[in-house]
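Report on the structure
So the chains spell out like this:
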Amino acid sequence: MKLTVIQGKTNAVVKVIPIYEGSLDKKTSCGGLSTAIKLKNSGKFKESYGDIYTLAKEAEEGFVYRIFLGLGKKEELTPEKIRRATSKAVKEAMKLNETSVHMKVIDSPNVCFYDVIKAMFEGAVLTNYKFDKYKTSNNETKKFIEYFEIFKINEDNFKIAENALKEAQDIIEGNIIARDLVNEPANVIYPETLAEKAKEIGVKAGFDVKVFNKEEIEKLNMKAYLEVAKGSDKEPKLIVMKYEGNKEDVQNILGLVGKGLTYDSGGYSIKPTDGMKTMKSDMGGAAAVIGAMYTIAKQKLKINVTAVVASCENMISGGAYKPGDIIGSMAGKTIEVLNTDAEGRLTLVDAVNYIIEKEKVSKVVDMATLTGAVLVALGTTASGVVTNNKDFYTKLEIASNNSGEKVWQLPAFDEYKELIKSDIADLKNIGGKCAGTITAGLFIGEFVQEKPWLHIDIAGTSWVDSDKHYRTKGGTGEGARLLYHLAKEEQ
Ligand code: BES
Ligand code: ZN
Ligand code: ZN
């Protein structure tokens, strides 16, 4: 999709006109709103948030369309509402079989102009996303918009709009990198190819990528990670990404860890067929981290960020780990494996220990499609968070407000920690039937030492079964935008 900002008016065929509640009450016909006023008076169009009405007018060459888009109360507008409203308008335009959409800039008293522009572009492009590269015929695919333009920007604001467009583009691309990685099947994206992709993206965006093979991972003593990986014929790859944006403060490093299970069959604690269908997406945390690194580097944030993905597959074979095994870990703690499907936490604890001990990060965020339980608790709406640090969580909340990717903090009381203590090893990898997302998070928390830490479970948010506003069916790329905004807060 080609994006532009323009000053003044446009002669476009498809124009979207955003309208606040009450703005058609003035009964004047100035400002080109007379048609909208008539529509309102006839009850065809309300100005409430999300209401939409398309008017087709015959012109010299075919039709021109005016899409009236209700924004609701002016003072209640947020960046996320702008994204979703824009998404709605773009979907409406898709139905018209047109390839170009021009939308009038939204003026808002509470969202700054820069953020308005950003949100409009994000909402438009992310709605337009398609993952159809494996379709050999195009006759079934829906129409997509090729040009999206924001018009009626005044001269004074034009430079700001152009800058907002640049940031929006980097944010959108980061999210799309993550969506694409998640949507690719596991026979295409496996540890080696995921590492290759990370390298390509690193070159494009400007961050370093180092990949460790199995032998090197063995030398690092990442025993828990290797236990998960050993059931697969695909070699594990430890992917380490580094962006140094603040050379004057090299001690301060934000550490990001992404779960990188390119496929999760469950292992010997095998998943049912239905549960396995979407398990190519079990590297959603890795995808988000790689997407975030892209945007962080492209935007040249003044911060040092190191990201680690301990990538592997969870499979079944004569060499695979088994329920009942007692395994080691890089940190030295022993773990009783009671369920081979609780594999993510085993790879993550070694990645977390690695990033603290070897990369010397000062703070740790891990992002993972870790538990089905988070879907039960929060659905596909919000990611579940476990943390040991209030201030760090406050920054995540700010990032969440800015990105529109919702988070919800879960309690981390000591009672929950009791549930993952083993009788015969230091820890066990499941905490029983209850509080599954919390015990999974706290399992990782056992390895973060005293570092400020956020665990973000995106198992519910990283995949949707059908389109919902600008989140399109399949991988949502959840987390890439959130982590970028968190890094921005940490600068
Ligand atoms: N990858 C899954 C979690 C998952 C479930 C992600 C649904 C996306 C959608 C994870 O490895 C897993 O299988 N977790 C188990 C943990 C249990 C055995 C304690 C789960 O949630 O059932
Ligand atoms: Zn699993
Ligand atoms: Zn998993």
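That block above? That's the structure.
The structure presented is a predicted model; accordingly, all values stated were derived computationally and were not measured.

The rules we used
- Residues numbered from 1 in each chain as written.
- Chains lettered and ligands numbered in written order.
- Predicted model: local features only at pLDDT ≥ 70, side-chain atom pairs only at ≥ 80, totals over all residues.
- Heavy atoms only, no water.
- Pairing = 2+ DSSP bridges.
- Helix = DSSP H or I, 4+ residues; strand = E, 2+ residues; numbered from the N terminus.
- Axes fitted to C-alpha atoms, helices over the stretch in contact; angles between N-to-C directions.
- Contact = heavy atoms within 4.5 Å.
- Donors = N, O, S within 2.8 Å, 3.2 Å for Na, K, Ca; no water.
- Tetrahedral: all angles 85-135°; square planar, octahedral: opposite > 155°, others 65-115°.

Examining the sheet that holds strand 2 (residues 14-20)
- Spatially, 1-6-5-2-4-3 is the arrangement adopted by the six strands of the open sheet, whose pairing is mixed. Bordering the open sheet on either side are strand 1 (2-7) and strand 3 (52-59), each of which pairs with just one other strand. Along the sheet, successive strands turn relative to each other by an average axial angle of 20°, direction set aside.
- Strand direction decides the pairing type here: strand 1 and strand 6 (residues 147-153), joined by five bridges, are parallel. Within strand 6, the position partnered with Lys2 by the bridge is Tyr147.
- Its contacts with the sheet place helix 2 (residues 79-95) against strand 2, strand 3, strand 4 (62-72), strand 5 (100-104) and strand 6, and it is angled at close to 160° to strand 4.
- Relative to strand 6, helix 3 (residues 113-127) is tilted by about 155°, and along the sheet it contacts strand 1, strand 5 and strand 6.

Points about the coordination of the zinc ion (ligand 2)
- The protein atoms that coordinate the zinc ion (ligand 2) are Asp264 (OD), Asp341 (O), Asp341 (OD) and Glu343 (OE), at distances spanning 2.0 to 2.2 Å.
- For the zinc ion (ligand 2), the six donor atoms in the first shell make angles of 70 to 166° at the metal, so the coordination geometry reads as irregular.
- The sequence motif formed by the donor residues of the zinc ion (ligand 2) is D-x76-D-x1-E.
- A distance of 3.2 Å spans the gap from the zinc ion (ligand 2) to the zinc ion (ligand 3), which Asp264 bridges by coordinating each metal. Of this pair, Asp264 sits in strand 9 (residues 253-264) while Glu343 sits in the loop between strand 12 (335-336) and helix 10 (344-357); the two residues are 79 residues apart in sequence, bridging distant segments of the chain.

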